[in-house]
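Fold and geometry: a report
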Amino acid sequence: MSRFTDRIAVVTGAAQGIGAATAQRLAEEGASVAVVDLTAERAQATVDAITAKGGVARAYGCDVTDYEAVEAVFAQIAEDFGAIHILVNNAGITRDNLFFKMPKTDWDAVITVNLTSVYNCSHVAQKYMCAQKWGKIVSLSSRSALGNRGQANYAAAKAGIQGFTATLAIELGPFNINVNAVAPGYIATSMTAATAERVGASAEDHQAEVAGRTPLRRVGQPEDIAAVVAFLASEDASYVSGQTLYVNGGAR
Ligand SMILES: NC(=O)c1ccc[n+]([C@@H]2O[C@H](COP(=O)([O-])OP(=O)(O)OC[C@H]3O[C@@H](n4cnc5c(N)ncnc54)[C@H](O)[C@@H]3O)[C@@H](O)[C@H]2O)c1
């Protein structure tokens, strides 16, 4: 069964990691996918992976912190594909540091890329979704929203996404738009490889250490998150809205 036949999905930060896996999962289940990342060139590898399997996708370059750029690229996507049904707010960065050493520039960068971009993309996408009375918005929060040493900026942004999600669900529900968030734990991507490097560990050793204290005894893979995003973007979750679903192998 193809859950996303005739659906148009936009996935931000989809050149690699969780975004790439999500774009591929949605395409495998029938969606036409706009693969958005900082440049179209960066996004092209994900498009190639999708089209190699017979899926439909197109690469778009856009810095999602720039509202006018988002407006322009979403207009282009709507023109190319005919609609925007599903938005996955996935683009994100980390700039970890203990708070007393955290420069204002790193606070601003993380809030802008992880949280303001979610305002930008959701604000533009809801215009299309309200008009068609159908939409799904899924945003990437994080387990770090509950607090994580060295991530005051990132935790604030990811907790902000949870409040934003709960509120948008109330406001957009009457337009048949579901708004949810996924809060992953440790997922093996470039982002966590960079964390490992920062603490002087190899990616493998870092993952083994995290797996050892995770109830399911492994770290997550991008596909684990893609499957949950796909669920929330599908009609299987048509009565789920305003929720943040933690996907972290059972860790507290
Ligand atoms: N990896 C994890 O363990 C983990 C855990 C919890 C939450 N998350 C969240 O999941 C999302 C994806 O994480 P990932 O690990 O795949 O990260 P990643 O670093 O592998 O990929 C992030 C992508 O976002 C893109 N991006 C960054 N800034 C952008 C901008 N301004 N405009 C457009 N694209 C931009 C990057 O180019 C990159 O392709 C992020 O929001 C992240 O915070 C990740």
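Let me begin by describing the structure that accompanies this report.

About the cut-offs
Residues numbered from 1 in each chain as written. Predicted model: local features only at pLDDT ≥ 70, side-chain atom pairs only at ≥ 80, totals over all residues. Heavy atoms only, no water. Core = buried A, V, L, I, M, F, W, Y, C linked by side-chain atoms within 4.5 Å. Buried < 20%, exposed > 50% of the residue type's maximum accessible area, 1.4 Å probe, protein only. Helix = DSSP H or I, 4+ residues; strand = E, 2+ residues; numbered from the N terminus. Contact = heavy atoms within 4.5 Å. Near = heavy atom within 4 Å. Polar contact = N/O pair within 3.5 Å; in protein donor to acceptor, adjacent residues only side chain to side chain. Areas by Shrake-Rupley, 256 points an atom, 1.4 Å probe, with all protein chains shown as cover. Nonpolar A, V, L, I, M, F, W, Y, C, P; charged D, E, K, R; others polar.

Describing the nonpolar core
Grouped together as the largest cluster of nonpolar side chains are 31 residues, with contacts concentrated most on Leu 26, Val 33, Val 35, Val 182 and Ile 225. Broken down by secondary-structure element, the contributors of at least two residues to this core are strand E1 (8-12), helix H1 (17-28), strand E2 (32-37), helix H2 (40-52), strand E3 (56-61), strand E4 (86-89), strand E5 (135-140) and helix H8 (222-233). Here this core gets 6 residues from one element, more than from any other, and that element is H8. Judged by nonpolar contacts, the second largest core, of 25 residues, contains Phe 74, Ala 78, Ile 84 and Ile 177.

Brief notes about the environment of Leu 115
With respect to the element layout, Leu 115 can be found in helix H4 (residues 104-132). Since its relative accessible area comes to 21%, Leu 115 is described here as partly exposed. Each C-alpha atom of the pair Leu 115 and Gly 160 lies 6.9 Å from the other, and the pair is 45 residues apart in sequence. With residues near it in sequence (within four places) discarded, Leu 115 still touches Val 110, Ala 157, Gly 160 and Ile 161.

Section: the site of the ligand
Close to the ligand lie 31 residues; Asp 37, Asn 90, Tyr 154, Ile 187 and Thr 189 are nearest. The backbone of Ile 18 places a nitrogen or oxygen atom 2.8 Å from an oxygen atom of the ligand. Cys 62 is positioned such that a nitrogen or oxygen atom in its backbone is 3.4 Å from a nitrogen atom of the ligand. Coverage of the ligand by the protein chains reaches 94% of its 840 Å² of free accessible surface. At the level of elements, H1, H4, helix H5 (152-172) and helix H6 (190-198) are the ones that each hand at least two residues to the shell around the ligand. Counting residues per element, the shell around the ligand draws most heavily on H6, which supplies 3 residues. Taken together, the residues of the shell around the ligand break down into 14 nonpolar, 13 polar and 4 charged.

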